[in-house]
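If you want the building blocks of each chain, they are given just below.
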Amino acid sequence: MKVLLFGGAGYIGTHVALEFLDRNDTVGIFDNLSSGLRSNVNDQALFYEGDIQDKDRVLQVLKEGWDVVIHLAAFKAAGESMLKPIKYSQNNISGSLNLITGCIKAGVKNFILSSSAAVYGEPSYLPVDENHPKNPTNYYGYTKLCVEENLKWYAQLKDFHYVSLRYFNAAGYDERGRMLGLENNPANLIPVVMEVASGIRPNLLVFGNDYDTVDGTGVRDYVHVTDLAKGHVLAADYLNAGKGNLVVNLGSEEGLSVQQILDTARKITGKPIDAQYVERRAGDPAKLVASSQLAYKSLGWKAEHSSVETIIQTTWKVYQANQKKLEP
Ligand code: UD1
């Protein structure tokens, strides 16, 4: 199979590329290296430097002929999207439309979108399944919903098929240590905890400890990035087999609180990891946990690497490997 990954040099894309390379598929990586790293691009993959907002470059690469396109090239900081909506419109919406319309023009028929649990907004019931109302509480979540809606239209109007994968909280690193690139300026919980453990951030700010949850801190569904990556391979096979369109959640179906993550990280790293309990962060739901039953029924997917220990251990290994670079 020939697979082209837009945003394939980023955190999730690099893991996705490894899964396809492991089964000897041809992998192309298109990335502008704004947050992705050239060092993340595996030697066995083809690399195309380019920006998804550059229609001509996108079309030129799409015309090389691909069985499946995977789109992971998006900004993903929910808080930032509320302050810089134009940045998110241009890249996440216009950029995605360039890819979809480029696929139509180049005759690429299969498309996989990195979508997000952020499309649901504040949950009205748990676990959240795919039929849950879609009311994003941040602009980032809206950009993902908007692209999903366009995919639905294009799949009706053209010879074009898609799978949208709604990730819950992606976390962890390749268990075989093949991916060592860290994200710059992370805003997500686990990388922040790791930066404190590594001594490059003074403390973790815990956003709220008065939620109606097991210990008052926010609860999320953390899913190991290798599980997510395997979901892309199954989705590509699904599309290639002509099974049609699909929108599914990818989550572990287990809720973990910020406090549980912190306690596990203290145990695994052996570091004190100072934490300050502060105000809730605007737009944060108390609890978000997936139902991934549809992914199981349709793709045969379920999370198998997503225990809290595996997530923290694999991440800590990578932070330790980078310790020299991280020191101020
Ligand atoms: C959000 C999006 C998710 C998206 C992800 C990508 C929503 C509802 N969710 O996840 O879809 O894929 O961003 O970035 O929009 N926390 C702290 N201190 C910190 C950082 C986080 O206490 O310094 C807490 C948060 O309040 C939350 C949990 O940790 O309870 C996880 O936060 P985070 O890692 O930022 O992800 P989400 O906001 O859940």
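What you see as residue numbers is a count from 1 along each chain, following the sequence as written. Given that this is a predicted model, residues contribute local features only at a pLDDT of at least 70 and side-chain atom pairs are listed and counted only at 80 or more, while totals for whole chains, interfaces and linings are drawn from all residues. Only hydrogens and water are set aside when side-chain values are computed; all heavy atoms of the structure are taken into account.

**Student:** Tell me about the overall build of the protein chain, and name the residues and values.
**Tutor:** The secondary structure content of the protein chain amounts to 11 helices and 14 strands. Along the longest, intermediate and shortest principal axes, the C-alpha atoms of the protein chain span 55 × 45 × 40 Å. Two residues qualify as a contact provided that any one of their heavy atoms is within 4.5 Å of a heavy atom in the partner residue. Sequence-distant contacts, at least 24 apart, represent 76% of the contacts inside the protein chain between residues at least 6 apart. Accessible surface area values rest on a Shrake-Rupley calculation with a 1.4 Å probe, where residue burial reflects the displayed protein chains alone. Summed over its atoms, the accessible surface of the protein chain is roughly 14,600 Å², and 48% of this surface lies on carbon and sulfur atoms. The sign given to each residue is positive for Lys and Arg and negative for Asp and Glu; His and the chain ends receive no count. Where a charge lies is defined by one atom per residue type: Lys uses NZ, Arg uses CZ, Asp uses CG and Glu uses CD. The centroid of the 33 positive side-chain charges in the protein chain is displaced by 3 Å from the centroid of its 37 negative side-chain charges. The numbering of helices and of strands both runs from the N terminus, where a helix is a DSSP run of H or I of at least 4 residues and a strand a run of E of at least 2.

**Student:** Before we move on, can you summarise the pattern of salt bridges with the specific residues and values?
**Tutor:** The working definition used for a salt bridge is a side-chain nitrogen of Lys or Arg within 4 Å of a carboxyl oxygen of Asp or Glu. In total, this model carries 17 salt bridges according to the counting rule given. With a shortest N-O distance of 3.9 Å, lysine 84 and glutamate 80 are connected by a salt bridge. Exposure classes here rest on a 1.4 Å probe applied to the protein chains alone. A residue is buried below 20% of its type maximum, exposed above 50%, and partly exposed in between. Classification of lysine 84 as partly exposed rests on a relative accessible area of 44%. Here glutamate 80 falls in the partly exposed class, since its relative accessible area comes to 23%. Salt bridges here are not isolated pairs; linked through shared partners, they connect Asp22, Asp174, Arg176 and Arg178.

**Student:** So, the packing of aromatic side chains: which residues are in play, and what are the values?
**Tutor:** Classification of ring pairs uses Phe, Tyr and Trp, with its six-membered ring standing for Trp, and accepts pairs whose centres are within 6.5 Å; under 30 degrees between planes counts as stacked, over 60 as edge-to-face, and the remaining range as tilted. Evaluation of the coordinates by the stated rule reveals seven aromatic pairs. Taken together, a centroid distance of 6.1 Å and an interplanar angle of 85° make the contact between tyrosine 48 and tryptophan 66 edge-to-face. With a gap of 18 residues between them, tyrosine 48 in strand E3 (residues 46-49) and tryptophan 66 in the loop between helix H2 (55-62) and strand E4 (68-71) connect regions that are remote in the sequence. Here tyrosine 48 matches tryptophan 66 in class, with each residue buried. An angle of 35° between the planes, with centres 6.5 Å apart, marks the rings of tyrosine 120 and phenylalanine 168 as tilted. Here tyrosine 120 is found in the loop between strand E5 (110-116) and helix H5 (139-157), whereas its partner phenylalanine 168 is found in the loop between strand E6 (161-167) and strand E7 (169-171), with 48 residues between them in sequence. By relative accessible area, tyrosine 120 is classed as buried at 0%. Since its relative accessible area comes to 6%, phenylalanine 168 is described here as buried.

**Student:** Break down the packing of helix H6 (residues 189-197) against helix H10 (residues 308-321) for me, with residues and values.
**Tutor:** For helices, the axis comes from a line fit to the C-alpha atoms of the stretch in contact; other axes are also lines fit to C-alpha atoms, and the angle between any two N-to-C directions lies between 0 and 180 degrees. Remark: H6 packs on H10, axes separated minimally by 10 Å, with the N-to-C direction vectors making an angle of 50°. If you check the angle between H6 and H10, you find them oblique. Between H6 and H10 lies a crossing of right-handed hand. Of the residues in H10, those touching H6 at Ile190, Pro191, Met194, Glu195 and Ala197 are Ile311, Ile312, Thr315, Trp316 and Tyr319. The residue classification treats Ala, Val, Leu, Ile, Met, Phe, Trp, Tyr, Cys and Pro as nonpolar and Asp, Glu, Lys and Arg as charged. All others, Gly included, are polar. Here the contact of H6 with H10 is built from residues that sort into eight nonpolar, one polar and one charged. Oblique is the label for any angle not under 35 degrees, not over 145, and not in the 65 to 115 range, which are roughly parallel, roughly antiparallel and roughly perpendicular in turn. For any pair of crossing helices, the crossing counts as left-handed if the nearer helix is rotated counterclockwise from the farther one by less than a right angle, and right-handed if it is rotated clockwise.

**Student:** Which residues make up the site of the ligand, and what values go with them?
**Tutor:** Whether a residue is near a molecule or strand depends on its heavy atoms: if one lies within 4 Å, it is near. Contacts to the ligand come from 21 residues, most closely from Ser116, Leu205, Arg220, Arg281 and Asp284. Whenever two N or O atoms come within 3.5 Å, that pair is a polar contact, provided that in protein one can donate a hydrogen and the other can accept it, and provided that, for residues adjacent in sequence, both atoms are side-chain atoms. Within the side chain of serine 116, one N or O atom sits 2.5 Å away from an oxygen atom of the ligand. A distance of 3.3 Å separates an oxygen atom of the ligand from a polar atom in the backbone of alanine 118. In isolation the ligand has 740 Å² of accessible area, and contact with the protein removes 92% of it. Looking at the shell around the ligand, the elements with two or more residues in it are H6 and strand E8 (204-207). Here the element with the most residues in the shell around the ligand is E8; it accounts for four residues.

**Student:** Quick rundown of the nonpolar core? Include the residues and the values.
**Tutor:** Take the buried residues of types Ala, Val, Leu, Ile, Met, Phe, Trp, Tyr and Cys, join any two whose side-chain atoms come within 4.5 Å, and each joined set is a nonpolar core. Of all hydrophobic cores here, the largest spans 64 residues; its most connected members are Ile70, Ile112, Leu165 and Leu204. When residues of this core are assigned to domains, at least three map to each of domain 1 (2-171 + 222-250) and domain 2 (189-220 + 253-326). Residue contacts for leucine 165: discarding those within four places in its chain leaves Ile112, Leu113, Ser114, Ser115, Ser116, Gly231, His232, Ala235, Val248, Leu250 and Leu299. Of all hydrophobic cores here, the second largest spans 22 residues; its members include Val58, Ala73, Val108 and Tyr162. What counts as a domain boundary in this text is fixed by an automatic or database domain assignment.

**Student:** Residue-level account of the sheet that holds strand E1 (residues 2-6), with values.
**Tutor:** In any sheet, the strands associate via hydrogen bonds between backbone groups, in a parallel or an antiparallel arrangement. For two strands to be treated as a pair, DSSP must find no fewer than two bridges joining them. Ordered by their spatial adjacency, seven strands build an open sheet running E3-E2-E1-E4-E5-E6-E11, and the pairing between neighbours is parallel. Strands at the two margins of the open sheet, each flanked by one partner only, are E3 and strand E11 (246-250). Taken over all neighbouring pairs, the strand axes of this sheet differ in orientation by 20° on average, direction set aside. In terms of strand pairing, E5 meets E6 through seven bridges, oriented parallel. Looking at E6, one finds that phenylalanine 111 is bridged to tyrosine 162.

**Student:** So, the pairing of E5: which residues are in play, and what are the values?
**Tutor:** In terms of burial, E5 is a largely internal element, seven of the seven residues being buried. Examined bridge by bridge, E4 and E5 share three bridges and lie parallel to one another. Its bridge partner lying in E5, histidine 71 is registered against leucine 113. A clockwise path from the first strand over the helix to the second, with the strands pointing away from the viewer, defines a right-handed crossover. A crossover links E5 with its parallel partner E6, the connecting element being H5, and its sense is right-handed.

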